[in-house]
Amino acid sequence: MKNLILGLALLSSSAMARNMNLVEFTASTPQERSLIGNLIHLDGMNGDTVFSAVNDHDLELIKTHLPFLLSNITTIETEDNPGQEEEYPQGDEKFYTYEEMKAKFEELQKNYPQIVRMISFGRSFEGRELYGLHITNHSNKKSKPGILITGSHHAREHLSTDVPVRVAEKIILNSNQDKIKNLIETREIYFLPMLNPDGAMWDIRGRNYKIWRKNMRSSGTSAPYGVDLNRNYSQGWGGPGSSDRPASDIYRGPNPFSEPETKAVKKFIEENDNISVLLSFHSFSELILYPWGNTTAPLPSERDQRAYEIMAEEMAKWNNYQPMQASELYVASGDTCDWAWADHGIFCFTFELSPKYQWGPGGFYPGADAIDPAVDDNYNPVVYLIDLADNPYKVIE
Ligand code: 0X9
Ligand code: ZN
């Protein structure tokens, strides 16, 4: 919060500006939350209070359609023309920039060549190479079960990049421990921690946070409008909790997988059909979410439903996050996990990282001190999921 105010205070009066509105609603039921989720996205919830950071376009929608749920609005001006420097605002430099993440991957590959390989799996809309880290002992790769861990579908959720990068590093540093050693020998572990590098770097450019969510899709002639990458997957695409209006923060794009970033994930999963588990990091609210997200219906198979519930409950013992079916948070269509589960039978979880709840922009910008606790809280759940990759159903057998 402090950093955001600091960053925003640096705006020069000549800079172009746009508003972000921090909106608070009173909504106590999944139905009420979905009413909101149909119009805009929700960023956090605490009891019957729901929080969302929205642009002016979405604020008008709320005022027109849901004035009765609205309880508070705080408007912040963010800069539209910030210069080129891609570094976090003062105090937050510990978070990985795109270049720093790339350098970290190069360093890990250089120092641990027997178990680490840096991978490139596509290019973003603006042409940045999409990087990942593959932890492997390099033998019989495609015949071993795999797990995929992703981060930063959403630009402003920077902690969702730092956690997977640092969890990956911790696994590598612990690779002489029996349990980790055994997992590296018997699994393929893939980390793709910054799926939306254009948006993430735009969000910090000029060392001012902009509360940007989507990718940087533009028509080429006007300012980027962006597509919400977590509404751009194909399962239930176009359904409730997504928008067909480019100005919306939950704009789903013109068709499923219209975006280079989601296309790259699709291709990656298709090429690595040994992947049986996926963990998609987001922030914030401290939640463990599992399919379905686009309907309140439970999974068709009780056995699957039970397996998901048990896994979520087990992981919650470590990070103390709240497990729930994703649609219980709110119904939203076109997210990663509905697609991974429906199309590939991949057991897929969305983690909403810390903080649990914080009024204002602090939820996305919890400060550098939030990084280490979030890594510690989520290291064991990740190791647990790596272990399950050989047979997720073993939790109920
Ligand atoms: O809305 C999202 O894409 C995710 N939350 S966030 O605040 N990080 O944007 C949650 C996706 C979970 N899926 C559904 N609720 N369908
Ligand atoms: Zn998100």
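Refer to the structure above for everything that follows.
Here the structure is a predicted model, which is why all the values come from computation and not from measurement.

Caption draft 1: Region of interest: the pairing of strand β9 (residues 275–283). Of all 9 residues in β9, 9 are buried, a share of seventy percent or more. In this structure, strand β7 (residues 146–150) lies alongside β9, joined through 5 bridges in parallel fashion. The residue of β9 that forms the bridge with glycine 146 is isoleucine 275. Two strands pair when backbone bridges link them, and β9 and strand β12 (residues 347–353) are joined in this way by 7 bridges, in the parallel orientation. If you follow phenylalanine 281 over to β12, its bridge partner there is phenylalanine 351.

Caption draft 2: Spatial organisation of the side chain of serine 152. Its place among the elements puts serine 152 in the loop between β7 and α5 (159–173). When its relative accessible area of 1% is taken as the criterion, serine 152 is described as buried. Setting aside anything within four residues of it in sequence, one finds serine 152 in contact with Glu157, His158, Ser160, Thr161, Pro193, Met194, Leu195, Asn196 and Phe281.

Caption draft 3: Seen up close, the pattern of salt bridges. Scanning the model with the defined rule gives 25 salt bridges in all. Measuring nitrogen to oxygen at the nearest pair gives 3.5 Å for the salt bridge that ties arginine 205 to glutamate 86. Highlighted residues: arginine 205 in the loop between α7 (197–204) and α8 (260–271) and glutamate 86 in the loop between β4 (70–79) and α4 (98–111), separated in sequence by 119 residues. Judged by its relative accessible area of 12%, arginine 205 falls in the buried class. Put simply, lysine 94 and aspartate 372 hold a salt bridge, and the shortest N to O gap is 3.0 Å.

Caption draft 4: Fine view of unusual backbone geometry. The linkage connecting proline 291 with the following residue, tryptophan 292, adopts the cis geometry, with an omega of -5°. In the segment running from serine 354 into proline 355, the intervening peptide bond is cis, with an omega of 0°. Phi is positive for histidine 138, which is not a glycine, with a value near 70°. Along the chain, histidine 138 turns up in the loop between β6 (129–135) and β7. With relative accessibility at 27%, the residue histidine 138 sits in the partly exposed group. A positive phi angle is found at phenylalanine 257, which is not glycine, with a value near 55°. Along the chain, the position of phenylalanine 257 falls in the loop between α7 and α8. Overall, the relative accessible area of 9% leaves phenylalanine 257 in the buried class.

Caption draft 5: Region of interest: the environment of lysine 141. Within the fold, lysine 141 resides in the loop between β6 and β7. Exposure remark for lysine 141: the relative accessible area of 25% places this residue in the partly exposed category. Taking the C-alpha atoms as reference, lysine 141 lies 21 Å from leucine 173; in sequence the two are 32 residues apart. Leave out the neighbours within four places in its chain, and lysine 141 touches Arg117, His134, Thr136, Glu188 and Asn274.

Procedures and definitions
- Residues numbered from 1 in each chain as written.
- Chains lettered and ligands numbered in written order.
- Predicted model: local features only at pLDDT ≥ 70, side-chain atom pairs only at ≥ 80, totals over all residues.
- Heavy atoms only, no water.
- Buried < 20%, exposed > 50% of the residue type's maximum accessible area, 1.4 Å probe, protein only.
- Helix = DSSP H or I, 4+ residues; strand = E, 2+ residues; numbered from the N terminus.
- Pairing = 2+ DSSP bridges.
- Contact = heavy atoms within 4.5 Å.
- Salt bridge = Lys/Arg side-chain N within 4 Å of Asp/Glu carboxyl O.

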